[in-house]
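Take a look at the letters that make up each chain.
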Amino acid sequence: MPTAPALAGELRIAVGQAARRIRAERGAQGLTDPQFTVLAWLNKQGPMPPGQLADAERIQPPSMTRTVNGLVELGLVQKDEHPTDGRQVVVSLTVAGRAEVVETRRRRDTWLTERLKGMTKEERQLLADAAELLRRIAAS
């Protein structure tokens, strides 16, 4: 059995490689990871100011402003007046933005599903157990 530090290194590498490969599956717009992440946040949380998006992603507000402006140019998000603060805007998904989220997730799920189909029942169960353990690690 590997030591905890050795296993930590192996898991870090394997999870990173898997995440990068899954993220390579993109929707029709071919968005960057930060752009897609903004769409995913808005899809999950609803409209929000760019500053709140920046906080959620732990990046500086000017970087988020550039990302949001690029998404506006692509027609994937829109900026509207903030309901209570005239100095701010609220960013929300457009129909095209929501469709991009759905399509990207579909492509990623399809890619992963095809790989899982090639595994045995026991291997899929092992991955299901590992997924639960990884969720516990992420929550702590």
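Computed from a predicted model, the values in this text were never measured in an experiment. (Residues numbered from 1 in each chain as written. Predicted model: local features only at pLDDT ≥ 70, side-chain atom pairs only at ≥ 80, totals over all residues. Heavy atoms only, no water.)

Q: Quick rundown of the UniProt feature "domain: HTH marR-type" (unreviewed entry) in the protein chain? Include the residues and the values.
A: Taking the numbering used here, the UniProt-annotated feature "domain: HTH marR-type" (unreviewed entry) corresponds to residues 8–136. Structurally, residues 8–136 comprises 69% helix and 8% strand, and the distance from its first C-alpha atom to its last is 15 Å. (UniProt positions renumbered as here; feature names shortened; annotations may be inferred. Helix = DSSP H or I, 4+ residues; strand = E, 2+ residues; numbered from the N terminus.)

Q: Go over the packing of helix 1 (residues 4–23) against helix 5 (residues 95–117), please, and point to the residues and values.
A: Relative to each other, helix 1 and helix 5 sit at 125°, their axes nearing to 9 Å. Here helix 1 lies oblique to helix 5, going by the angle between them. Where helix 1 approaches helix 5, its residues Arg 21, Ile 22 and Arg 23 are matched on the opposing element by Arg 108, Trp 111 and Leu 112. Broken down by class, the residue content of the contact of helix 1 with helix 5 amounts to three nonpolar, no polar and three charged. (Axes fitted to C-alpha atoms, helices over the stretch in contact; angles between N-to-C directions. Parallel < 35°, antiparallel > 145°, perpendicular 65-115°, else oblique. Contact = heavy atoms within 4.5 Å. Nonpolar A, V, L, I, M, F, W, Y, C, P; charged D, E, K, R; others polar.)

Q: Tell me what's going on with the packing of aromatic side chains, and back it up with residues and numbers.
A: In total, this model carries zero aromatic pairs according to the counting rule given. Lying across the ring of Phe 36, Arg 108 places its NZ or CZ 4.7 Å from the centre. (Phe/Tyr/Trp six-rings, centres within 6.5 Å; stacked < 30°, edge-to-face > 60°. Lys NZ or Arg CZ within 6 Å of the ring centre and 35° of its normal.)

Q: Describe a nonpolar patch on the surface, with residues and values.
A: On the surface, a cluster of nonpolar side chains totalling about 400 Å² of accessible area is made up of Leu 7, Leu 11, Val 15, Leu 134 and Ile 137. Sorting elements by how many residues they give to the nonpolar patch places helix 1 first, with three residues. Mapped onto the secondary structure, Val 15 falls in helix 1. (Patch = residues over 30% accessible without salt bridge, like charges linked within 9 Å, V, L, I, M, F, W, Y side chains within 5 Å. Areas by Shrake-Rupley, 256 points an atom, 1.4 Å probe, with all protein chains shown as cover. Salt bridge = Lys/Arg side-chain N within 4 Å of Asp/Glu carboxyl O.)

Q: I'd like to hear about the pattern of salt bridges, residue by residue, with values.
A: This structure, assessed with the given rule, holds eight salt bridges. With its nearest N and O atoms 2.9 Å apart, the salt bridge here joins Glu 25 to Arg 21. What makes Arg 21 partly exposed here is its relative accessible area of 34%. The closest approach of N and O atoms between Arg 23 and Asp 33, which form a salt bridge, is 3.1 Å. With Arg 23 in helix 1 and Asp 33 in helix 2 (residues 33–45), this pair connects stretches of sequence that are ten residues apart. Take Arg 23: its relative accessible area is 31%, and that puts it in the partly exposed class. Because the salt bridges share partners, they merge into one network encompassing Arg 23, Arg 26 and Asp 33. (Buried < 20%, exposed > 50% of the residue type's maximum accessible area, 1.4 Å probe, protein only.)

Q: Outline the environment of Leu 71, supporting the account with residue identities and numerical values.
A: As for its placement among the helices and strands, Leu 71 is situated in helix 4 (residues 61–73). Residues Leu 71 and Ala 19, spaced 52 residues apart in sequence, show a C-alpha to C-alpha distance of 23 Å. Leave out the neighbours within four places in its chain, and Leu 71 touches Leu 31, Gln 35, Val 38, Leu 39, Leu 76 and Val 77.

Q: Give a description of unusual backbone geometry that names residues and reports values.
A: In the Ramachandran plot, Arg 58 falls in the positive-phi region, its phi being about 55° despite a non-glycine side chain. With respect to the element layout, Arg 58 can be found in the loop between helix 3 (50–57) and helix 4. Residue Arg 58 is classed as exposed on the basis of its relative accessible area, which comes to 75%.

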